[in-house]
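Coordinates in review
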Amino acid sequence: MSMRWYVVHAYSGQEKSIQAALIDRIKRSGMADKFGQVLVPTEEVVELKKGQKALSERRFFPGYILVQMDMTDETWHLVKSTPKVTGFIGGTAMRPTPISDKEVENILHQVQEGVEKPKPKVLFEVGETVRVTDGPFNDFNGSVEEVNYEKSKIRVSVLIFGRPTPVELEFGQVEKA
């Protein structure tokens, strides 16, 4: 039987430590040949902290870990008895259902895309009101006219001397009003 991907439900916010504990238990049990990857799907996001751009990780599925494994009674028990793991998702309690290869492909693609092009932590929509937090238009409010995620830029229409003026800013220079 070949390895399949299973979704494991775990304590939210503890995914990374549970991932490390599970990998450690797999090594110590001598069942490494029955397991593939243990994955916490994340993407890098750019956020503004104290005026500086900072990269941080955002989990796609908080509270869930993907485990590639050959499902047997022993492997099931090893995963299920890991501290802070509440169980498998799908199927029955004793016989979980693996997720499809297409779903796994989509998730892995999303993870790879997040590593290559970090996304902004805040997503902007055309028409919404934002406040400029940095630069010559600091403290001005404006309406979003255009969002360019490729360049991490946003065009905002701000009122200057009573006239709407389009201003191009970086994501880090604005916040939702």
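Per chain, residue numbering runs from 1 following the sequence as it is written. The predicted origin of the model limits local features to residues at a pLDDT of at least 70 and limits the giving and counting of side-chain atom pairs to 80 or more, whereas totals for whole chains, interfaces and linings rest on all residues. Heavy atoms from the whole structure form the basis of all side-chain values; hydrogens and water molecules are not counted.

Secondary structure elements follow DSSP: runs of H or I of four or more residues count as helices, runs of E of two or more count as strands, with numbering from the N terminus. Across its full length, the protein carries three helices and 12 strands. Radius of gyration means the value over C-alpha atoms here, while the globule rule gives 2.2 Å times the residue count to the 0.38 power. In terms of C-alpha radius of gyration, the protein reaches 22 Å, well past the compact-globule figure of 16 Å for 177 residues. Each principal axis of the C-alpha atoms in the protein carries an extent, and together these give about 70 × 30 × 25 Å. Partly exposed residues are those whose accessible area sits between 20% and 50% of the maximum for their type, while under 20% is buried and over 50% is exposed, using a 1.4 Å probe and protein chains only. Per-residue burial over the protein gives 36% buried out of 177 residues. If you sum the accessible surface of the protein, you get close to 10,700 Å²; carbon and sulfur atoms cover 52% of it. Areas reported here follow the Shrake-Rupley algorithm with a probe of radius 1.4 Å; residue values treat only the protein chains shown as occluding.

Our focus in this paragraph is the side chain of Glu128. Residue placement: Glu128 occurs in the loop between β7 (119-120) and β8 (129-132). Within the structure, Glu128 has its side chain in polar contact with the backbone nitrogen of Glu125 (distance 2.6 Å). Polar contacts here mean pairs of N or O atoms no more than 3.5 Å apart (in protein, one a potential hydrogen donor and the other a potential acceptor; neighbouring residues in sequence count only if both atoms are side-chain atoms).

For the rest of this paragraph, the subject is the packing of aromatic side chains. Aromatic rings from Phe, Tyr and Trp, with only the six-membered ring used for Trp, were paired whenever their centres fell within 6.5 Å, and each pair was classed as stacked if the ring planes differed by under 30 degrees, edge-to-face if by over 60, and tilted otherwise. Counted according to the given criterion, the structure contains four aromatic pairs. Relative to Phe171, the ring of Phe124 has its centre 5.5 Å away and its plane inclined at 35 degrees; by these criteria the two rings are tilted. Placement of Phe124 in the loop between β7 and β8 and of Phe171 in the loop between β11 (163-170) and β12 (174-176) is noted, with a sequence separation of 47 residues between them. Both rings, one in Phe137 and one in Phe140, keep their centres 5.9 Å apart while their planes meet at 90 degrees; by these two values the pair is edge-to-face. Residue classification places Phe140 among the partly exposed positions, given a relative accessible area of 29%.

With that settled, the discussion passes to the environment of Glu146. In this fold, Glu146 is placed in strand β9 (residues 141-148). A relative accessible area of 36% means that Glu146 is categorised as partly exposed. Through-space distance from the C-alpha of Glu146 to that of Ser157 is 9.5 Å; in sequence the pair is 11 residues apart.

Next up on the list: the nonpolar core. In terms of nonpolar packing, the biggest core is built from 19 residues, with Leu22, Phe35, Ile65, Val67, Met69, Val79 and Phe88 touching the most fellow members. Going through the elements one at a time, β1 (4-10), α1 (15-29), β2 (35-39), β5 (64-69), α2 (73-80) and β6 (85-88) are the ones with two or more residues in this core. The contact definition used throughout considers only heavy atoms, calling two residues in contact when any of these lie within 4.5 Å. Apart from the residues lying within four places of it in its own chain, the contact partners of Val79 are Val8, Leu22, Phe35, Met69, Val85 and Phe88. To define a nonpolar core, start from buried Ala, Val, Leu, Ile, Met, Phe, Trp, Tyr and Cys residues and group those joined through side-chain atoms within 4.5 Å. If you look at the next biggest cluster of nonpolar residues, it comprises 13 residues, including Phe124, Val132, Val147 and Ile154.

This paragraph deals with the pattern of salt bridges. The salt bridge criterion pairs a side-chain nitrogen of Lys or Arg with a carboxyl oxygen of Asp or Glu, the two atoms within 4 Å. As enumerated under the stated definition, the model contains nine salt bridges in all. For Arg28, the salt bridge is made with Asp24, and the minimal N-O distance between the two is 3.0 Å. Separated by four residues within a single helix, Arg28 and Asp24 lie in helix α1, roughly one turn from each other. Notably, a salt bridge pairs Glu128 with Lys176, separated by 3.5 Å at the nearest N-O pair. Here Glu128 is found in the loop between β7 and β8, whereas its partner Lys176 is found in strand β12, with 48 residues between them in sequence. Overall, Lys176 belongs to the partly exposed group, its relative accessible area being 40%. The network of salt bridges with common partners includes Arg131, Asp139 and Glu175.

Just geometry here; none of it tells us what the structure is for.
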